[in-house]
Amino acid sequence: MREGTVISEAGASAGAGCGLSQFFYTFRYREEMRYSQTLIPTLKEVPAEAEVISHRLMLRAGFIRKLSSGIYSYLPYGLAAIRRVETIVREEMNRAGAQEMMMPMVQPADLWKESGRYEKYGPELLRFTDRHERESCLGPTHEEVITDIARKEIHSYRDLPINLYQIQTKFRDEIRPRFGLMRGREFIMKDAYSFDVSDEMAETSYKKMYDAYNAIFQRCGLDFRCVEADSGTIGGSFSHEFMVLAETGEDTIAVCDECKWAANLEKAVVRLAGSGSREETLALVKVETPGKRKVAQVCDFLKITPDRLVKTLVYIADGEAVALLIRGDREVEEIKLKNYLGATDLRLADDKEVFDATGVPTGYLGPLGISIRLLADQEVMHLANFSVGANEKNYHLLNVNGGRDFRVSEVADFRRLCESDPCPSCGGSLRLVQGIEVGHIFKLGSAYSESMNAFFQDSEGNGKPLVMGCYGIGVSRVVAAAIEQNHDENGIIFPVPLAPCQVTVLNLGLKDTDISAAAEMIYAKLSAAGIDVFLDDRDERPGVKFKDADLLGFPLRVTVGKRFQENGMVEIRRRRDGKAEESTVDGLVDLIRRRLAELTGQR
RNA sequence: CGGGACGUGGCUCAGUCUGGUAGAGCACAGCGUUCGGGACGCUGGGGUCGGAGGUUCAAAUCCUCUCGUCCCGACCA
């Protein structure tokens with residue numbers, strides 16, 4: 001097997017059009033793609049270890065085999081799928097002016113101590129000592145190494161901007177690896193790092209990557225969305241996630257049907273409709289609500305709807321109890337609360353903690369006279385005459401009004417966006433969909449360059465920290481996500497750009513010289529036409545070949561069998577919709593080309 | 001780390017409760033028939049029952065410990 005051969009410089013390659021320094025790569029996985037000569041151990045039955053669809057199909061299709069928890073070997077055809085993604089990523093990164101390099105997987109602990117992450121990173125970072133008792137770790141990411149290179153090799157503004165990337169294996173010792181390649185411990189990632197002279201320039205670099213990522217996933221033929229994301233603890237600025245839409249996705253994202261807006265629910269800002277209630281305020285009333293603690297029970301008892309009730313939730317944020325007011329029918333988006341508080345650990349308090357902190361049993365908490373730090377979701381301040389707990393067992397208050405009856409100094413957006421909310425950008429209607437995170441881009445700023453002393457001199461000779469950005473794509477996860485999004489009960493349905501081979505030729509008459517000769521000729525012609533073609537030349541029954549062709553997900557299938565004997569026709573069948581047509585051998589190459597062109601970019 | 005399930009030929013699983021000759025289907029090898037949607041018949045090879053210790057005349061089965069895998073949660077991005 002050959003590992004990527006440089007075949008041409010820019011200009012010779014389709015779609016190219018950039019400078020001479022750009023190299024484009026193409027891959028021939030093997031000189032020959034004959035089933036009889038290739039290890040593709042397909043399975044009829046699903047191994048017990050697999051639950052999610054992409055994992056099951058990748059095992060069944062003989063793409064991967066597990067070595068240990070969260071660690072997989074890529075068998076030839078699975079690797080070929082990975083290479084497809086890598087090739088697209090590589091071409092688009094190069095086109096965007098990034099340079100490929102490769103950094104070590106084993107890294108010295110000292111480097112991580114410099115950035116402060118040796119302590120912060122937690123047990124996901126696999127640490128070990130070598131024979132000389134030197135502390136080391138396996139790279140879960142490469143900010144430290146790249147920053148070390150930058151501080152040693154980049155000294156002048158004349159060297160900037162620069163964007164360096166690699167496609168490499170990462171190791172993260174996940175607590176619970178699961179879903180096969182979707183969340184493994186060892187996985188293939190493309191990571192890029194940009195260095196700029198200023199924030200403004202860094203934004204330009206960020207924008208370039210933003211565009212490159214859109215181009216990459218577009219070219220992969222995936223249904224995806226770029227969403228505003230929580231930048232987490234990496235800090236400051238902003239970030240975007242690229243999500244492949246699939247029902248089995250782990251993240252929920254909100255998308256607008258009327259504009260381009262989309263966001264991770266963790267981050268999605270709620271825009272309130274209107275400016276608040278115009279109801280006349282009524283006099284405060286205290287009522288007995290014996291044993292009514294849950295929102296539903298209280299509402300039932302008081303004969304009100306949950307949107308007229310405000311619940312008071314107590315959280316423990318880094319050990320401190322804080323209360324949060326939110327409408328009874330809403331849910332708290334804990335990430336928003338966590339970010340607002342700047343807390344590293346946040347969880348709902350249990351009954352005992354609530355009582356210890358407030359002296360009130362859960363179910364009867366309210367904002368009036370509460371002793372702990374009080375926060376309110378913005379929506380609460382727009383309500384009038386709502387009900388809350390009375391901070392006294394078995395009592396609630398009616399006709400409560402914020403500002404009149406209590407004051408909250410900390411009001412912000414803490415609730416989870418719902419489908420019924422208006423789009424924060426255009427006011428249009430929203431949909432919530434599930435997504436798989438396959439890419440994430442961050443503006444890093446100068447946190448790493450400052451902690452690790454990566455400075456350059458500007459045109460006036462002043463030392464300044466490099467302004468960084470980092471950009472990741474889960475290459476192996478893209479393959480899994482593509483399968484999650486594109487499959488049916490018979491197997492994988494690869495988008496044309498990701499299929500290791502776009503066409504499979506089934507020789508159904510292995511012992512018939514005419515059929516075999518025709519199959520061989522078709523295989524050779526398609527191959528010569530530059531189409532990645534696969535030939536099922538195994539001594540198997542037709543049923544087996546059909547099943548395997550479906551399972552492996554070739555976009556097109558050419559069947560050479562008894563119809564060829566009868567009238568010289570072969571069948572071309574599309575994997576996605578099962579539509580079949582007949583063709584003569586002569587017209588086949590053109591027909592295949594047309595069908596592939598139609599299918600490309602189609603879902 | 002908490003909760004749950006599981007570990008028996010390459011794969012899927014039965015057998016474990018109630019201790020007594022290790023089984024089936026698929027896969028693999030040979031022969032024959034078959035040949036456009038995972039064929040059939042016959043023959044054959046292959047298992048320290050995850051590992052260690054214990055109870056017993058006797059352990060896949062009961063007990064203890066241990067290793068591993070999967071699912072839910074917490075965690076991570």
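In this text, all values refer to a predicted model and were calculated from it rather than measured experimentally.

Colleague: Would you mind going over the sheet that holds strand E15 (residues 285–288) with me for this structure?
Modeller: The pairing of strands in a sheet comes from backbone hydrogen bonds and takes either a parallel or an antiparallel form. One open sheet holds the 3 strands; their spatial order is E15-E21-E20, and the pairing between them is antiparallel. Edge positions in the open sheet fall to E15 and strand E20 (386–389), since each of these has one partner strand only. Recorded for the sheet is a direction-independent mean angle of 30 degrees between the axes of neighbouring strands. Examined bridge by bridge, E15 and strand E21 (residues 395–400) share 4 bridges and lie antiparallel to one another. The residue bridging glutamate 288 from the neighbouring strand is tyrosine 395, located in E21.

Colleague: How should the environment of glutamine 168 be read in this particular structure?
Modeller: Here glutamine 168 lies in strand E9 (residues 162–171). Relative accessible area serves as the criterion here: at 9%, glutamine 168 is assigned to the buried category. Taking C-alpha positions, glutamine 168 is 8.0 Å from aspartate 191, a pair spaced 23 residues apart along the chain. Residues contacting glutamine 168, with those up to four places away along its chain left out, are Met102, Met103, Pro104, Met105, His142, Phe187, Ile188 and Met189. Within the structure, glutamine 168 has its side chain in polar contact with the backbone oxygen of methionine 103 (distance 2.6 Å).

Colleague: Please explain the nonpolar core as it appears in this structure.
Modeller: When a protein is soluble and globular, its nonpolar side chains tend to lie buried together. Formed by 86 residues in total, the largest nonpolar core has its most connected members in Phe63, Val558, Val560 and Ile592. Phenylalanine 63 has contacts with Met58, Ser73, Tyr74, Leu75, Tyr77, Gly78, Ala81, Ile492, Phe494 and Leu552, leaving out every residue within four places of it along the chain. In terms of nonpolar packing, the next biggest core, distinct from the first, is built from 26 residues, Ala109, Cys137, Leu160 and Leu444 among them.

Colleague: What am I meant to see in the pairing of E21 here?
Modeller: Within a regular strand, the side chains alternate between the two sheet faces. As paired elements, E20 and E21 share 3 bridges and run antiparallel to each other. Looking at E21, one finds that phenylalanine 386 is bridged to valine 400. Hairpin geometry of E20 and E21 is characterised by an intervening segment of 5 residues between the two adjacent antiparallel strands and by a positive phi of about 60 degrees at asparagine 391.

Colleague: I tried to follow the sheet that holds strand E18 (residues 346–348) on my own but got confused; where do I start?
Modeller: The 5 strands are arranged E18-E16-E17-E19-E22 in an open sheet whose pairing can be described as mixed. Among the strands making up the open sheet, the edge pair consists of E18 and strand E22 (410–412). For this sheet, the mean angle separating the axes of adjacent strands, direction not counted, is 30 degrees. Note that strand E19 (residues 373–377) and E22 share 3 bridges and pair parallel. Each residue of the ladder has a partner; that of aspartate 377, found in E22, is alanine 412. On top of the sheet, helix H8 (residues 334–341) reaches strand E16 (310–317), strand E17 (320–327), E18, E19 and E22; it is set at about 130 degrees to E19, its chief contact.

Colleague: Teacher, can you tell me more about the pairing of strand E30 (residues 533–536) here?
Modeller: Burial of E30 is two-sided: the residues Val533 and Leu535 facing one way and the residues Phe534 and Asp536 facing the other way are all buried. The pairing of strand E29 (residues 503–507) with E30 spans 4 bridges and is classified as parallel. Bridge assignment links valine 503 to a residue of E30, and that residue is valine 533. For the handedness criterion, the β-α-β arrangement of E29, helix H12 (residues 513–528) and E30 is classed as right-handed.

Colleague: How should helix H2 (residues 76–95) be read in this particular structure?
Modeller: Residue pairs spaced three or four apart in an α-helix point in one direction, given the helix's 3.6 residues per turn. End to end, H2 covers 28 Å across 20 residues, agreeing with the expected 28 Å (1.5 Å per residue, within 8%). Within H2, 17 of the 20 residues are buried, which leaves the element mostly enclosed by the surrounding structure. Positive backbone phi, approximately 90 degrees, marks glycine 97, located one or two places after H2.

Colleague: Explanation requested: the packing of aromatic side chains in the structure shown.
Modeller: Each aromatic ring pair is summarised here by two numbers: the centre-to-centre distance and the angle between the ring planes. Across all of its chains, the model carries 16 aromatic pairs by this definition. Of the aromatic side chains, those joined through ring pairs into one cluster are Tyr35, Phe63, Tyr77, Phe494, Phe534 and Phe554. Looking at arginine 127, its charged tip hangs above the ring of tyrosine 118, at a distance of 4.6 Å from the centre. A cation over an aromatic ring shows up here: arginine 538 above the ring of tyrosine 35, its NZ or CZ 3.6 Å from the ring centre.

Colleague: What am I meant to see in the protein's contact with RNA strand B here?
Modeller: Taken together, 40 residues sit near RNA strand B, with Ala48, Arg176, Arg541, Asp550 and Arg557 positioned nearest. In RNA strand B, atoms within 4 Å of the protein come from the sugar-phosphate backbone in 45% of cases. Interatomic distance of 2.5 Å between a side-chain N/O atom of arginine 541 and a base oxygen of RNA strand B. Glycine 561 has a polar backbone atom sitting 3.5 Å from a base oxygen of RNA strand B. Every element with two or more residues in the surface near RNA strand B is listed here: strand E23 (430–445), helix H13 (542–552), strand E31 (556–560), helix H14 (562–567) and strand E32 (569–574). The greatest single-element share of the surface near RNA strand B, amounting to 8 residues, is contributed by H13. Considering only residue class, the surface near RNA strand B consists of 12 nonpolar, 6 polar and 22 charged.

Colleague: Got a minute to help me understand the packing of H2 against helix H11 (residues 475–485) in this structure?
Modeller: Working note: a packed helix pair is described by the angle between its axes plus the distance between those axes. Remark: H2 packs on H11, axes separated minimally by 9 Å, with the N-to-C direction vectors making an angle of 110 degrees. Considering their axes alone, H2 and H11 lie roughly perpendicular with respect to each other. In this structure, H2 meets H11 at a crossing whose hand is right-handed. Where H2 approaches H11, its residues Ala81, Ile82, Val85 and Glu86 are matched on the opposing element by Val475, Ser476, Val478 and Val479. Residue composition of the contact of H2 with H11, grouped by class: 6 nonpolar, 1 polar and 1 charged.

Thresholds, definitions, all that
Residues numbered from 1 in each chain as written. Chains lettered and ligands numbered in written order. Predicted model: local features only at pLDDT ≥ 70, side-chain atom pairs only at ≥ 80, totals over all residues. Heavy atoms only, no water. Pairing = 2+ DSSP bridges. Helix = DSSP H or I, 4+ residues; strand = E, 2+ residues; numbered from the N terminus. Axes fitted to C-alpha atoms, helices over the stretch in contact; angles between N-to-C directions. Buried < 20%, exposed > 50% of the residue type's maximum accessible area, 1.4 Å probe, protein only. Contact = heavy atoms within 4.5 Å. Polar contact = N/O pair within 3.5 Å; in protein donor to acceptor, adjacent residues only side chain to side chain. Core = buried A, V, L, I, M, F, W, Y, C linked by side-chain atoms within 4.5 Å. Right-handed = clockwise from strand over helix to strand, strands pointing away. Expected span 1.5 Å × (residues − 1). Phe/Tyr/Trp six-rings, centres within 6.5 Å; stacked < 30°, edge-to-face > 60°. Lys NZ or Arg CZ within 6 Å of the ring centre and 35° of its normal. Near = heavy atom within 4 Å. Nonpolar A, V, L, I, M, F, W, Y, C, P; charged D, E, K, R; others polar. Parallel < 35°, antiparallel > 145°, perpendicular 65-115°, else oblique. Left-handed = near helix turned anticlockwise from the far one by under 90°.

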